[in-house]
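# Observations on chain architecture
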Amino acid sequence: MSHPSVLFELGGEELPPKSLLTLATALRDGVEQGLKSKGLEFAGVRFFAAPRRLGLIIDSLAPQQPDREVRADGPPVKAAFTADGQPTPAALGFARKNGVEVSDLDASGEKLRLVRTVKGEAAADLLAGIFELAIKQLPIAKRMRWGSSRVEFVRPMHWLVLLYGDAVVPASVLGLDSGRTSFGHRFHHPAAVELAHADDYVEAMRSAHVLADFSERRTQIQGVVNDLATQAGGRALMPDALLDEVTALVEWPVPLVCSFEERFLSVPQEALISTMQDNQKYFCLVDANDQLMARFITVANIDSTDPEKIISGNEKVVRPRLTDAEFFFSQDKKVTLAERNERLKQVVFQAQLGTVFAKAERVSTLAGHIAGLIGSDVASAELAGKLCKSDLASEMVSEFPELQGIAGYHYARHEGLANDVALALNEQYLPRFSGDTLPTTATGAAVSLADKLDTLTGLFGIGQPPTGSKDPFALRRAALGVLRILIAGDYRIDLRELVATAVAQHGSAVTQANAAEDVFSFLLGRYRAMFEEQGISAEVIAAVQACQPTVAGDVARRVQAVAAFSGLPEATALAAANKRVANILAKESSVSGSVDSALLQEPAEQDLAAQLDALQARLAPLYASGDYGQALSLLATLREPVDAFFDNVMVNADDAAIRLNRLRLLNQLRALFLRVADISLLS
């Protein structure tokens, strides 16, 4: 059965564009939760969000809660009445507590019971409280007051619409009384809009030059901007965050193509794109080669009769910003990176770890060391490491901090430095976030690894690891970056040794005795986050981590192999057997030594020993090449002989020599699996 819809709209001054979508979705979620908590049936909740309004439509809301039966148990019947049938104080108290007479209670069971039907409340009587609570719980970082009111909200609000079908639902939210009066576009339709029915909202707003549906407005902007970009011979750069923000800035979007002088294209395009996107909220255009064009698209909030004036105004506004970028770039080119590097001697990286210049020196040495390990050019890595922070002292980065690394690349190319050195000045920061690209050159990889490991070992070395949600130096991200680079490049570097080398470079600044081991353990812990994103189970990751492999690429191969092994029918039995073996061996002080075949008495233990001997030769080259998948496939063939051993052989034999020999056999079995992982943890 279909019921009327409910319309809620809260309107007033322009809401913060960066948080509009968050506020709207949080309001929807809060109202949905409120409706469910009250037992009100509804078909769905749709949100609407525009600069001057937050709105919701609750589709097909039931007019009232369903009736419900309330049951309450009281004292035992034996204690509720005297011998002559009179109610005791216990019975009288239970009845009084529930607002009924003793005669209304059910005394047919062991306990007094109250059973009554509570009629559901009308939805119209509950809506005000639901919306008021949802508004109160909105994630607003900073609230404000307006006028003489003590009401607080993110911006001053001036009207409230609350309709159930065609009827106004009485309510007061943020000091506003509900009604059916909304307002249209601030310029195109500033007059009041009287809403006859909740279902009229979207079209009534459209007639008043307001596209209230955020998703519709976003899709329209995206489509028109892309069409205009194609007509201009290019492609629009449209990050989701920018598209959302522009959508939140306009109620009646009108995209327009603007231009700027071609001479500005001599400036690194990242600087131009940055200022146009971040400061002006423009969509930049690039050509087929992804090179910036002297065009951009602005989205106006007005359908002007003279759009050229809007275009001209935006071109005038952007020109000074582009001129600033051009000036900074030209000034920066007059100073070499090496000269600029000297200025970093006055810039502190961290009080206990010294200056940024000192950090660059450490990165240079460590990058050269890593380059030697991976067969890359040591001199290039050392030079890139020495200059990797020099652009921090440039005018361009001072104005556009997000261009650190990118600016260094352009200045290095201007000076004629080798391409891999120039690229490394930017690639040192890769990956910047989960899923980001990795360094494309060995020199870039060496500098990126060195920079991240220097920061990790330095902060751990002075006792400042991440704690809880606090990670001011982004050490978790740095650790993941180290692992991703090592795995992608398949660099066979012993990570424990590399961490120790990085720690040693800090010298006396390191105050934590176990800094190297703490950093290595921290890196091991980050494998879990990385592989869980790939859908690998925690048990598989733990099984590999238990062996503490020191080569990152080796860890990845083991994890993939164990994940595949865990899906085999033999895996469960072998995991349980390994766990049993681990428990048996844990009670022994020492079982080292080889198996004596002369002491093997039972056919089952003789067969297992023969199988292990046969596998040893076949497994050795697989372990050496890192083919852990094939190795585990071979080990899976041990299921039957292992099961037979435990079914037919008594490990704790009376003869001490036989007992020790059987323990050594089990130790040999477990050692073969531990070359890959501790699969007992899969059990």
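Residues numbered from 1 in each chain as written. Predicted model: local features only at pLDDT ≥ 70, side-chain atom pairs only at ≥ 80, totals over all residues. Heavy atoms only, no water.

## Some words on the overall build of the protein
Helix and strand counts for the protein come out as 26 helices and 17 strands. The C-alpha radius of gyration of the protein comes to 36 Å, more than 25% above the 26 Å expected for a compact globule of 683 residues. If one aligns the C-alpha atoms of the protein with their principal axes, the spans along those axes are about 105 × 95 × 45 Å. For the protein, the proportion of its 683 residues judged to be buried stands at 49%. The contacts in the protein between residues at least 6 apart in sequence include a share of 67% that link residues at least 24 apart. Here the protein displays about 31,500 Å² of accessible surface, and carbon together with sulfur accounts for 50% of that area. Computing the positive centroid from 67 side-chain charges and the negative centroid from 84, the protein places the two 4 Å apart. (Helix = DSSP H or I, 4+ residues; strand = E, 2+ residues; numbered from the N terminus. Rg over C-alpha atoms; globule rule 2.2 N^0.38 Å. Buried < 20%, exposed > 50% of the residue type's maximum accessible area, 1.4 Å probe, protein only. Contact = heavy atoms within 4.5 Å. Areas by Shrake-Rupley, 256 points an atom, 1.4 Å probe, with all protein chains shown as cover. Lys, Arg positive; Asp, Glu negative; His and termini not counted. Charge placed at Lys NZ, Arg CZ, Asp CG, Glu CD.)

## Concerning the packing of helix α19 (residues 515-532) against helix α20 (residues 538-545)
Direction vectors running N to C along α19 and α20 enclose 150 degrees, while the axes themselves pass 10 Å from each other. Relative to α20, the element α19 lies roughly antiparallel. Relative to α20, α19 is oriented so that their crossing is right-handed. Between α19, through Leu 524, Gly 525, Tyr 527, Arg 528, Phe 531 and Glu 532, and α20, the contact on the second element is made entirely by Ala 538, Ile 541 and Gln 545. Residues belonging to the contact of α19 with α20 are distributed by class as follows: five nonpolar, two polar and two charged. (Axes fitted to C-alpha atoms, helices over the stretch in contact; angles between N-to-C directions. Parallel < 35°, antiparallel > 145°, perpendicular 65-115°, else oblique. Left-handed = near helix turned anticlockwise from the far one by under 90°. Nonpolar A, V, L, I, M, F, W, Y, C, P; charged D, E, K, R; others polar.)

## Thoughts on the pattern of salt bridges
On inspection of all chains with the given rule, the structure shows 35 salt bridges. The closest approach of N and O atoms between Glu 517 and Arg 496, which form a salt bridge, is 3.1 Å. Of this pair, Glu 517 sits in helix α19 while Arg 496 sits in helix α18 (residues 495-505), and the two are 21 residues apart along the sequence. With relative accessibility at 35%, the residue Glu 517 sits in the partly exposed group. According to the relative accessible area criterion, Arg 496 is partly exposed, its value standing at 29%. Within the structure, one salt-bridge network assembled from shared partners comprises Lys 359, Arg 362, Lys 389, Asp 451 and Asp 454. (Salt bridge = Lys/Arg side-chain N within 4 Å of Asp/Glu carboxyl O.)

## A few points about the nonpolar core
The biggest cluster of nonpolar side chains holds 138 residues, and the ones touching the most others in it are Met 276, Met 396, Leu 456 and Leu 523. With sequence-adjacent residues up to four places away left out, Met 396 is seen in contact with Val 267, Ala 271, Ala 325, Phe 328, Phe 329, Asp 332, Leu 403, Ala 407 and Tyr 411. Ranked by size, the runner-up nonpolar core spans 42 residues in total, among them Val 6, Leu 27, Phe 47 and Met 157. (Core = buried A, V, L, I, M, F, W, Y, C linked by side-chain atoms within 4.5 Å.)

## Side note on the sheet that holds strand β6 (residues 157-164)
Across the sheet, which stays open at both edges, the five strands sit in the order β2-β3-β1-β6-β7 with antiparallel pairing between neighbours. Looking along the sheet, the strands with just one partner apiece sit at the ends: β2 (44-50) and β7 (167-168). (Pairing = 2+ DSSP bridges.)

## Some points on the sheet that holds strand β14 (residues 283-286)
Reading across from one edge, β12-β14-β15-β13 is the order of the four strands in this open sheet, with antiparallel pairing throughout. Across the chains shown, the open sheet's two edge strands, defined by having one partner strand only, are β12 (235-236) and β13 (254-259). Packed on one face of the sheet, helix α9 (residues 307-332) meets β13 and β15 (292-300) and runs near 55 degrees to β13.

## Side note on the side chain of Thr 275
Assignment of secondary structure puts Thr 275 in helix α8 (residues 269-279). If we skip the residues at most four places from it in the chain, Thr 275 touches Gln 280, Arg 321, Leu 322 and Phe 400.

## Regarding unusual backbone geometry
At the junction of Leu 430 and Pro 431, the peptide bond is cis and its omega measures out at -10 degrees in the coordinates. Locating Pro 431 in the fold gives a position in the loop between α15 (419-427) and α16 (442-461). The backbone of His 209 shows a phi angle near 65 degrees, a positive value even though the residue is not glycine. Backbone geometry at Lys 281 places phi at a positive 65 degrees, although glycine is not the residue there. Note on Lys 281: relative accessible area 18%, which makes it buried.

## Some words on the pairing of β14
Looking down a regular strand, the side chains alternate between one sheet face and the other. Residues Phe 283 and Leu 285 of β14 are buried on one face, and the alternating residues Cys 284 and Val 286, pointing to the opposite face, are buried as well. Here two bridges tie β12 to β14, and the two strands are oriented antiparallel to one another. Within the sheet, the bridge partner assigned to Ala 236 lies in β14 and is Leu 285. Across three bridges, β14 lies against β15 in antiparallel orientation. Directly across from Val 286, in β15, lies its bridge partner Leu 292. Linking β14 back to β15 in an antiparallel pair, the connection comprises five residues, with Asp 290 at a positive phi of about 60 degrees.

## Brief notes about the packing of aromatic side chains
For the coordinates displayed, the defined rule picks out 13 aromatic pairs. The interplanar angle of 55 degrees and the centroid separation of 6.4 Å between the aromatic rings of Phe 260 and Phe 264 together place this pair among those described as tilted. For the pair Phe 260 and Phe 264, one class covers both residues: buried. Taken together, the ring pairs connect Phe 260, Phe 264, Tyr 282 and Phe 296 into an aromatic cluster. Positioned above the aromatic ring of Phe 264, the side-chain terminus of Arg 263 is 4.2 Å from the ring centre. Cation over ring: Lys 345 sits above Phe 357, and NZ or CZ is 4.8 Å from the ring centre. (Phe/Tyr/Trp six-rings, centres within 6.5 Å; stacked < 30°, edge-to-face > 60°. Lys NZ or Arg CZ within 6 Å of the ring centre and 35° of its normal.)

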